[in-house]
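Per-entry structural report
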2 protein chains.
Amino acid sequence: MVEQEDVIWMRQALELAEKSLYISAPNPRVACLIVRDGQLLASGSTQQAGGPHAEVMALQQARERGVNVAGATFYVTLEPCSHHGRTPPCADALVKAGAGRVVFSMYDPNPLVAGRGATRLRQAGITVDGPLCVEQALAINAGFFARMTRSRPWLWMKMAASLDGRSALPDGRSQWITGPQARDDGHHWRARSCVVLTGIGTVNADNPLMNVRAVSTPRPPIKAVLDTHLRLDPKAALLDGTQCWVFTHRRDPEREAQLADRNALVIPMPLHEGQVDVRAVLDWMAEQQVNEIHAEAGARLSGALIDAGVVDQLLMYLAPKILGQGRGVADITALSGLDDVEPFEFTDVRLFGADLRVLARQRDHWDALLQAVGGASPSDFE
Amino acid sequence: MVEQEDVIWMRQALELAEKSLYISAPNPRVACLIVRDGQLLASGSTQQAGGPHAEVMALQQARERGVNVAGATFYVTLEPCSHHGRTPPCADALVKAGAGRVVFSMYDPNPLVAGRGATRLRQAGITVDGPLCVEQALAINAGFFARMTRSRPWLWMKMAASLDGRSALPDGRSQWITGPQARDDGHHWRARSCVVLTGIGTVNADNPLMNVRAVSTPRPPIKAVLDTHLRLDPKAALLDGTQCWVFTHRRDPEREAQLADRNALVIPMPLHEGQVDVRAVLDWMAEQQVNEIHAEAGARLSGALIDAGVVDQLLMYLAPKILGQGRGVADITALSGLDDVEPFEFTDVRLFGADLRVLARQRDHWDALLQAVGGASPSDFE
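Definitions and limits used
- Residues numbered from 1 in each chain as written.
- Chains lettered and ligands numbered in written order.
- Predicted model: local features only at pLDDT ≥ 70, side-chain atom pairs only at ≥ 80, totals over all residues.
- Heavy atoms only, no water.
- Pairing = 2+ DSSP bridges.
- Helix = DSSP H or I, 4+ residues; strand = E, 2+ residues; numbered from the N terminus.
- Axes fitted to C-alpha atoms, helices over the stretch in contact; angles between N-to-C directions.
- Contact = heavy atoms within 4.5 Å.
- Buried < 20%, exposed > 50% of the residue type's maximum accessible area, 1.4 Å probe, protein only.
- Polar contact = N/O pair within 3.5 Å; in protein donor to acceptor, adjacent residues only side chain to side chain.
- Expected span 1.5 Å × (residues − 1).
- Phe/Tyr/Trp six-rings, centres within 6.5 Å; stacked < 30°, edge-to-face > 60°.
- Least-squares fit on C-alpha atoms with pLDDT ≥ 70 in both.
- Parallel < 35°, antiparallel > 145°, perpendicular 65-115°, else oblique.
- Left-handed = near helix turned anticlockwise from the far one by under 90°.
- UniProt positions renumbered as here; feature names shortened; annotations may be inferred.
- pLDDT = per-residue confidence, 0-100.
- Salt bridge = Lys/Arg side-chain N within 4 Å of Asp/Glu carboxyl O.
- Buried area = accessible area lost by both parts, 1.4 Å probe.
- Nonpolar A, V, L, I, M, F, W, Y, C, P; charged D, E, K, R; others polar.

**Quick look at the sheet that holds strand 14 (residues 313-319) of chain A**
All names here are of chain A. In spatial order, the strands read 10-9-8-7-13-6-14-16-15; together these nine strands make up an open sheet with mixed pairing. Only two strands of the sheet have a single neighbouring strand rather than two, namely strand 10 (264-268) and strand 15 (344-352). Each strand axis lies, on average, 20 degrees off the axis of its neighbour in the sheet, ignoring direction. Taken together, the seven bridges between strand 6 (residues 154-162) and strand 14 define a ladder with parallel strand orientation. Residue pairing in the sheet places Met159 in a bridge with Met316 of strand 14. Each of strand 6, strand 7 (195-199), strand 13 (292-295), strand 14, strand 15 and strand 16 (355-362) touches helix 7 (residues 180-192); the most contacted strand, strand 14, lies at about 165 degrees to it.

And the structure:
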């Protein structure tokens, strides 16, 4: 039986899970609270891949504090794993620690776990409750669950524009439509992603760094450029020694060797309507364990991503300005009527300095993801 | 001395003043609370022009309740009037009622009052405190104060667009970019305005009603059309018998007579760059005691209003859609660079159904208005 108190602790655990936002990929962001008699005994969150999982971190903190956790309740934002991966199974660690009860937020969609963690705990005589707060837990790990359940990463598209949707003046001037707080927030989104994706048009026009500033990250995202005709200049600023993927349809051994010297890997891709096939690129990325993609591109690629139906979320910064003229944010070609529009829904709106940050989700994609992980839990509708 | 308790009561009075939003123009929306020992004895708000002011309404309610208000504190959102207008001076009524103390929000900018109301009360031995919560009070009556202090009404521009600033598909289809809740809210804004302003282009293209639906109003706004070449069809749907102003540069006695039959008054105006001079129109409206103008027009007139520097506020509904192509909301011609942009600032953002409503104020216009009424009061900065 799940009580209101369980919901409160689980929400606290989900907040703690955000501590892993920039570090745990390709593993999900997970947190664990150990609670007894309304007291938090210890807590932990997932470390970098290969490092300890949340449950192990929490048990370690309990040991350091000299706290006995036997009989305590463990709140875990994901079903404890039951298999030997890079680390031993967490379910075994909870059994060994003498957990009295385990409350989990979501079943692990990893086919190697998928309910077996909960079963392992129950067989050891532990009370197990869940799922709980599924929508909130899914939002933190949408990329992980998307990769696991649909074999395609979760992709958000970052845009910055005036209130009337202009990303730059007609001559291209755009520095800066939005202010420093909005730009800094954009770096947080880059930092949490596995891949920062852009197009060769943007690289050639603006020569952007496409790196993470404003946030320190031990795990910088991989850069990726869609470059159908392999026009990427090996001297481009974004080739700063960190890993870069270049998706192209043209082979050019000499150019590829120059790019390889800059740590840029050229990946051949099929064409779709004369351009690198976006869906094939995303499929390939899922195979590389990419959970989340931060797309930050010009109107052409942004429009192509929407046309391809692969945009899961919008991350839009709106400046309190009316420019009246200038470039749009997305050149969509496939639109035949208003009913044809991708169905987004607003999920969060807030001010960053003078600018507005708007988050919107592709509703069908989200609903499908929620269904794939077993649907919402009652506590999601309070 | 103003206490925290005074701020709380004044805010309650300001909320009550919103009851007059759709009825009191050209008079300001004002409320009065009568309070003693932390107890609300009676309250009232301004009625239709010519009807009782807020103070009189509150005193009347106190009488009906058989409550003695002698020595009580009166919270009034505007300095009580001291002159004989359509009704006798409220300051005299407060003196006669034996008010112990009067707290007011703003000085009345009407040169016939302008501090004399407060003086009259003090001369009668009443303690008078204020101004208080000036920014909030100004927001409710921006139009009244704009007309009084700068002889130009307060103008907001209503727009509805996709998240990327498209008000319609390229072929003009726009029904409906935003949903029913957003459209209903738009009618509240029409209802509170004195004039609903549009351009002949919109009238000829869409034949809109431009009336107030979704809200019942005893005082429908006057319709106004900018129509440089007097092309308005006397059979246009917006000519439904309610008053309409047609601003033009062309005289055509026959057309004017036809329009007059439909209760449309043709007003000749000078030209500015080949179009009816917007500033001259607004000056004329101020002389007709117009406080607030709700501009709802196509991209051409909206752009002209911004070019003319007369937009005080944006009322924008954003649908969670990316159209990618289609019409913009404002054709601005005078923009030479990003520094040239009108300086708006977001003041309120909220969801109406699936859509976002964004309010933004022209910062310089607001600051000037605030200065003109004497500046902010300390309680505005909590």
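**Notes on the environment of Thr228 of chain A**
Residues and elements named next belong to chain A. Note that Thr228 resides in the loop between strand 8 (222-226) and strand 9 (244-248). Since its relative accessible area comes to 7%, Thr228 is described here as buried. As a C-alpha pair, Thr228 and Thr347 span 119 residues in sequence and 34 Å in three-dimensional space. Among the polar contacts made by the side chain of Thr228, one reaches the side chain of Gln275 at a distance of 3.1 Å.

**Some thoughts on helix 2 (residues 54-65) of chain A**
Residues and elements named next belong to chain A. Taking 1.5 Å per residue as the helical rise, helix 2 with its twelve residues ought to reach 16 Å, and the 17 Å between its terminal C-alpha atoms agrees with that figure. Of the surrounding secondary structure, the elements contacted by the buried residues of helix 2 are strand 1 (31-36), strand 2 (39-45), strand 3 (73-76) and helix 3 (90-97). One or two residues past the end of helix 2 sits Gly66, with phi positive at roughly 70 degrees.

**A closer look at the packing of aromatic side chains**
For any pair of aromatic rings, the description consists of the separation of the ring centres together with the inter-plane angle of the planes. Residues and elements named next belong to chain B. Summed over the entire model, instances satisfying the criterion amount to 16 aromatic pairs over all chains. With a centroid separation of 6.4 Å and an interplanar angle of 75 degrees, the aromatic rings of Trp245 and Phe247 are classed as edge-to-face. As far as burial versus exposure is concerned, Trp245 and Phe247 are alike and both buried. Geometrically, the ring pair formed by Phe247 and Trp284 is edge-to-face, given 5.5 Å between the ring centres and 80 degrees between the ring planes. With Phe247 in strand 9 (residues 244-248) and Trp284 in helix 10 (residues 278-287), this pair connects stretches of sequence that are 37 residues apart. Both residues of the pair, Phe247 and Trp284, belong to the buried class.

**Examining the relation of the copies chain B and chain A**
Superposition record for chain B on chain A: RMSD 0.0 Å, screw rotation 180 degrees, translation along axis 0.1 Å. As the rotation angle and translation indicate, the two copies are arranged about a two-fold axis. For chain B, the minimum C-alpha distance to the rotation axis belongs to Gly165 of chain B and amounts to 2.1 Å. Taken as a fraction of all interface residues of chain B, those also at the interface in chain A reach 100%, which identifies the copy contact as same-surface.

**Some points on the side chain of Arg357 of chain B**
Residues and elements named next belong to chain B. Within the element layout of this structure, Arg357 appears in strand 16 (residues 355-362). Taking the relative accessible area as the measure of exposure, Arg357 reaches 6% and is therefore buried. Within the local environment of Arg357, its side chain forms a polar contact with the side chain of Asp185, the two groups lying 3.1 Å apart. Within the structure, the side chain of Arg357 is placed 3.2 Å from the side chain of Asp348, a separation counted as a polar contact.

**As for the packing of helix 3 (residues 90-97) of chain B against helix 4 (residues 116-123) of chain B**
The angle between the axes and the distance between the axes are what describe a pair of packed helices. All names here are of chain B. Running from amino to carboxyl end, helix 3 crosses helix 4 at an angle of 20 degrees, the nearest separation of the two axes being 9 Å. The angle between the axes of helix 3 and helix 4 places the two elements in the roughly parallel class. In this structure, helix 3 meets helix 4 at a crossing whose hand is right-handed. Contacts between helix 3 and helix 4 involve Ala91, Asp92, Leu94 and Val95 from the first element and Gly117, Arg120 and Leu121 from the second.

**As for the UniProt feature "binding site: substrate" (unreviewed entry) in chain A**
All names here are of chain A. The positions UniProt marks with the feature "binding site: substrate" (unreviewed entry) are Ser174, Arg190, Asp206, Arg213 and Glu296. With respect to the helices, strands and loops of the structure, Arg213 is situated in the loop between helix 8 (200-206) and strand 8. A residue is classified by how much of its surface remains accessible, and Arg213, at 40% relative accessible area, is partly exposed. When near neighbours in sequence (up to four residues on either side) are disregarded, Arg213 contacts His187 and Arg190.

**Examining the side chain of Ser193 of chain B**
All names here are of chain B. Secondary-structure assignment places Ser193 in the loop between helix 7 (180-192) and strand 7 (195-199). For Ser193, a relative accessible area of 0% translates into the label buried. At a separation of 3.4 Å, a polar atom in the side chain of Ser193 contacts the main-chain carbonyl oxygen of Val195.

**Some words on the confidence of the model for chain A**
Taken residue by residue, chain A gives an average pLDDT of 92. The fraction at 70 or more is 97%. Predicted as a complex, the structure gets a pTM of 0.93 and an ipTM equal to 0.91.

**Notes on the UniProt feature "active site" (unreviewed entry) in chain A**
Residues and elements named next belong to chain A. UniProt annotation of "active site" (unreviewed entry) refers to Glu55 when read in the numbering used here. Following the sequence through the fold, Glu55 ends up in helix 2. Residue contacts for Glu55: discarding those within four places in its chain leaves Cys32, Val76, Leu78, Pro80, Cys90 and Leu94.

**With respect to unusual backbone geometry**
Omega for the peptide link from Gly130 of chain A to Pro131 of chain A comes to -5 degrees, which places this bond in the cis form. Along the chain, Pro131 of chain A turns up in the loop between strand 5 (127-129) and helix 5 (134-140). Its identity is not glycine, yet Asp37 of chain B carries a phi of approximately 50 degrees, on the positive side. Its place among the elements puts Asp37 of chain B in the loop between strand 1 (31-36) and strand 2 (39-45).

**Overview of the pattern of salt bridges**
The final tally for this structure, using the stated rule, is 32 salt bridges over all chains. A salt bridge links Arg350 of chain A to Asp348 of chain A; its shortest N-O distance comes to 2.9 Å. A relative accessible area of 43% means that Arg350 of chain A is categorised as partly exposed. Glu296 of chain B serves as the salt-bridge partner of Lys158 of chain B, at 3.4 Å between the closest nitrogen and oxygen. Here Glu296 of chain B lies in the loop between strand 13 (292-295) and helix 11 (299-307) and Lys158 of chain B lies in strand 6 (residues 154-162), a separation of 138 residues in the sequence.

**Considering the pairing of strand 15 (residues 344-352) of chain B**
Relative to strand 16 of chain B, strand 15 of chain B runs antiparallel, the two sharing eight bridges. Note that in strand 16 of chain B the partner of Leu351 of chain B across the bridge is Leu356 of chain B.

**Here's the deal with the interface of chain B and chain A**
Tallying the contact residues gives 43 residues for chain B and 43 residues for chain A. Taking both sides of the interface into account, the surface hidden between chain B and chain A amounts to around 3,200 Å²; carbon and sulfur atoms contribute 72%. The largest contributions to the chain B side of the interface with chain A come from Ile322, Leu338 and Phe346 of chain B, which together make up 23% of the buried area. Between chain B and chain A we count zero salt bridges in total. Inspection of the region where chain B meets chain A yields two residue pairs in polar contact (both at pLDDT 80 or more). At the level of secondary structure, the elements contributing two or more residues to the side of chain B that touches chain A comprise strand 14 (313-319), strand 15 and strand 16 of chain B. In terms of residue count, the dominant contributor to the side of chain B that touches chain A is strand 15 of chain B (five residues). Counted by class, the side of chain B that touches chain A contains 26 nonpolar, nine polar and eight charged residues.

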